[in-house]
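Coordinate analysis (summary)
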Amino acid sequence: MRIDVVTLFPDVVRQCAAVGVVGRAQQRELLQVETWNPRDFTFDRHRTVDATSYGGGPGMVMMIEPLRRTLAAMREAAAEPVHVIYLSPQGARLTQGRVEALAKLPRIALLCGRYEGVDERLLAHEVDEELSIGDYVLSGGELGAAVVIDAVGRLQDGALNDAQSAEQDSFSNGLLDCPHYTKPVHDALGSVPEVLLSGDHAAIARWRLKQSLGRTWSRRPDLLSQCALDMTSRALLDEFRREHASQEQARKELPRSNKTVDD
Ligand code: 4FD
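Residues numbered from 1 in each chain as written. Predicted model: local features only at pLDDT ≥ 70, side-chain atom pairs only at ≥ 80, totals over all residues. Heavy atoms only, no water.

**Things to note about the packing of helix H7 (residues 201–219) against helix H9 (residues 231–253)**
At their nearest, the axes of H7 and H9 sit 9 Å apart, and the two run at 65° to each other. Comparing their axes, H9 and H7 come out roughly perpendicular. Handedness of the crossing formed by H7 with H9: right-handed. The segment H7 lies against H9, with Arg206, Leu209, Lys210, Gln211, Leu213, Gly214, Arg215 and Trp217 engaging Ser233, Leu236, Leu237, Glu239, Phe240, Arg241, Glu243 and His244. (Axes fitted to C-alpha atoms, helices over the stretch in contact; angles between N-to-C directions. Helix = DSSP H or I, 4+ residues; strand = E, 2+ residues; numbered from the N terminus. Parallel < 35°, antiparallel > 145°, perpendicular 65-115°, else oblique. Left-handed = near helix turned anticlockwise from the far one by under 90°. Contact = heavy atoms within 4.5 Å.)

And the structure:
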C-alpha cells in the first residue's frame, strides 16, 4: 500500500512513520509513505500557502492554489485514482472498522491542514473523506496523519509477526482488550491471576473473554450496546457483573486497611 501525505511539515510525518512496526513495514516494502510539501508548489518570493480569512477574525486559512497544484502532481504520479482524506476536528471519527477498510486500499492520500484549516472550495473538489482522530484540536493535521499511517500500516500483510497478530487487538471483536501479566508471578504489587498459570487453555480463553466483556461494560458501555453478544458472552458478562457487585459491596462494608508511610 502507498500513502501520500500533503503537509507543510514532511519531516514530522516521515519520522513518525520511520519507527517500530510501521518503519519495518516500509523497509519490507509492504508500505510506502511519500510526502508532498505545498510550499514547493508556490511561485512567490515568500512561498505563501495561507491568507487571512474572509469575514474577518483571527487565524489564517490555507489557500486553494498551492494545494491544488500539490494534489495534481501527487495524482499525476499515480497509476490509479487516489482516495484523498482530510484530517480535521470536523471529520467523522476514525474507528478500527474504518482503519481496516482503508488498509485494504492500494493507495490513499492524507491532507494535513495548519492554521484554521483549508479553503472550503478546495475540500469540496478534491477531498473524498474527512476524518477526525478524536474530539480535540491539534495545531496541525500531521499527528492525525501519523495516527492513520500507524493504524493502517500495521495491518498490512506481513507487518505484524504471530505474537503481535491483529486478531488479538482491542476492537477487532468490538470489545476492549483483557488485562495482561508477565514475570514475576508474585510481586509486592500483587500476584498473577491463577487461571493464567493453569495451562488450561479453554479456561484461560474464557477468563480473557470475561475480562474483555467486563471492562467494556464498565468502561465503554457505548461499545457494548453496538455489539451482539452470544449466549456464552452474556453468561460470562453476568458472572463478571455479579463479582463486580459483590466486590463493590465488600469495599463499602470493610474499607481496605489504610496503610500510610507512618505505619
Ligand atoms: N481531531 C484533528 C485534526 C486536525 C487538527 C486542523 C481544520 C484544524 C485535530 C483542519 C482545523 C485541520 C483531529 C488542524 N486538529 N488540526 O483529527
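**A closer look at the nonpolar core**
Ranked by size, the top nonpolar core spans 27 residues in total, and within it Ile3, Val5, Leu31, Ile108, Leu110, Ile149 and Val152 carry the most contacts. Residue assignment for this core shows that the elements contributing at least two residues are strand E1 (2–6), helix H2 (20–27), strand E5 (83–93), helix H4 (96–103), strand E6 (107–112) and helix H6 (142–153). If one sorts the elements of this core by residue count, H6 sits on top with five residues. With near-sequence residues (within four places) excluded, isoleucine 3 lies in contact with Leu31, Gln32, Val33, Glu34, Ile108, Leu110, Ile149 and Val152. (Core = buried A, V, L, I, M, F, W, Y, C linked by side-chain atoms within 4.5 Å. Buried < 20%, exposed > 50% of the residue type's maximum accessible area, 1.4 Å probe, protein only.)

**Remarks on the pairing of E5**
The pairing of E5 with E6 spans five bridges and is parallel. Residue pairing for E6: tyrosine 86 is matched across the bridge by leucine 111. Handedness of the crossover joining E5 and E6 through H4: right-handed. Relative to strand E7 (residues 129–132), E5 runs parallel, the two sharing five bridges. Of the residues in E7, the one forming a bridge with alanine 92 is leucine 131. (Pairing = 2+ DSSP bridges. Right-handed = clockwise from strand over helix to strand, strands pointing away.)

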